[in-house]
Amino acid sequence: NWNEPAGSHISLPVVVVPASGSQVSPDPLVVLAGGPGGSGVDAAAAWSDPHRDVVLYDQRGSGAALPALTCPERNDAWVANLRRDEPFDAEREAIVEAYSVCRTRLEAAGIDLDDYDTDASVRDLDAIRVALGYQEWNLIGASYGARLALAAMRATPTTIRSVVLDSVDDVTE
């Protein structure tokens, strides 16, 4: 919780793929994972740039970030739905119930789900920039990553040199 710095903490895996060329710009490219829920660090092997470092990380609750917000209950319900012949409403209810069970389990483990939102992720992103020592950087985001980039543009405009948005998620919700 960014409003309670002395409280519990999260762990965000970060990978920096160094620029491969001899003339390196000081402003890296940051790849913002979509989903939400996708792992950024899992894609590190696919990224390189001759002129810029490439920064990838797992957003809070996703990938190898800790604590993880995985919901095996949802996956089990999804698979069960594939194995039965029920009306859509019954299948949807099974998924909704699975998410409810997952939420109850996560909250019982002491996870405050109010700390897992776009505003917190924007603050995480800027903390990563500061920790890595970059003055400014370039963002690329698809789907939820585009939504996160838009929020970062509003919150930290002086630290962002450029942005590429792909498949922008609805920011009015």
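Everything below is about the structure shown above.
Residues numbered from 1 in each chain as written. Predicted model: local features only at pLDDT ≥ 70, side-chain atom pairs only at ≥ 80, totals over all residues. Heavy atoms only, no water.

### Topic: the nonpolar core
- Core analysis: the biggest nonpolar cluster contains 18 residues, and V30, L32, L125, W137 and L139 have the highest contact counts within it.
- In terms of residues, this core owes the most to one element, helix α4 (residues 144–155), which gives five residues.
- Residues contacting L139, with those up to four places away along its chain left out, are V30, L32, L125, A149, A152, I160, S162, V163 and V164.
- Within the second largest apolar cluster, six residues are counted, among which are C102, I111, L113 and Y116. (Core = buried A, V, L, I, M, F, W, Y, C linked by side-chain atoms within 4.5 Å. Buried < 20%, exposed > 50% of the residue type's maximum accessible area, 1.4 Å probe, protein only. Helix = DSSP H or I, 4+ residues; strand = E, 2+ residues; numbered from the N terminus. Contact = heavy atoms within 4.5 Å.)

### A closer look at the state of the cysteines
- The final tally for this structure, using the stated rule, is one disulfide.
- Through a disulfide, C71 is tied to C102; the S-S separation comes to 1.8 Å. The chirality of the disulfide connecting C71 with C102 is left-handed, given an S-S dihedral of about -70°. Of this pair, C71 sits in the loop between β3 (54–57) and α1 (72–82) while C102 sits in helix α2 (residues 88–108), and the two are 31 residues apart along the sequence. (Disulfide = S-S within 2.5 Å.)

### Focus: α4
- With twelve residues, α4 should cover 16 Å at 1.5 Å per step; its first-to-last C-alpha distance of 16 Å lies within 8% of that length.
- Burial of α4 is extensive: nine of the twelve residues sit out of reach of the surface.
- When we look at burial in α4, the residues that qualify are Y144, G145, A146, R147, L148, A149, L150, A151 and A152.
- Turning to α4, the residues buried within the fold contact β2 (29–32), β3, α3 (118–132), β4 (137–142) and β5 (160–166). (Expected span 1.5 Å × (residues − 1).)

### Re empty space enclosed by the protein
- Tallied over the entire structure, the rule returns one cavity of 30 Å³ or more.
- The volume enclosed by the largest cavity comes to roughly 40 Å³.
- As for the largest cavity, its lining consists of V122, L125, D126, W137, L139, A152, T156, T159 and I160.
- Where the lining of the largest cavity is concerned, the elements lending two or more residues are α3 and β4.
- Tallying contributions element by element places α3 first for the lining of the largest cavity, with three residues.
- Residue composition of the lining of the largest cavity, grouped by class: six nonpolar, two polar and one charged. (1 Å grid on protein atoms, 1.4 Å probe; cavity = no way out; pocket = protein on both sides within 12 Å on 5 of 7 lines; lining within 4 Å. Points joined across faces, edges and corners; volume = space filled by probe spheres on them. Nonpolar A, V, L, I, M, F, W, Y, C, P; charged D, E, K, R; others polar.)

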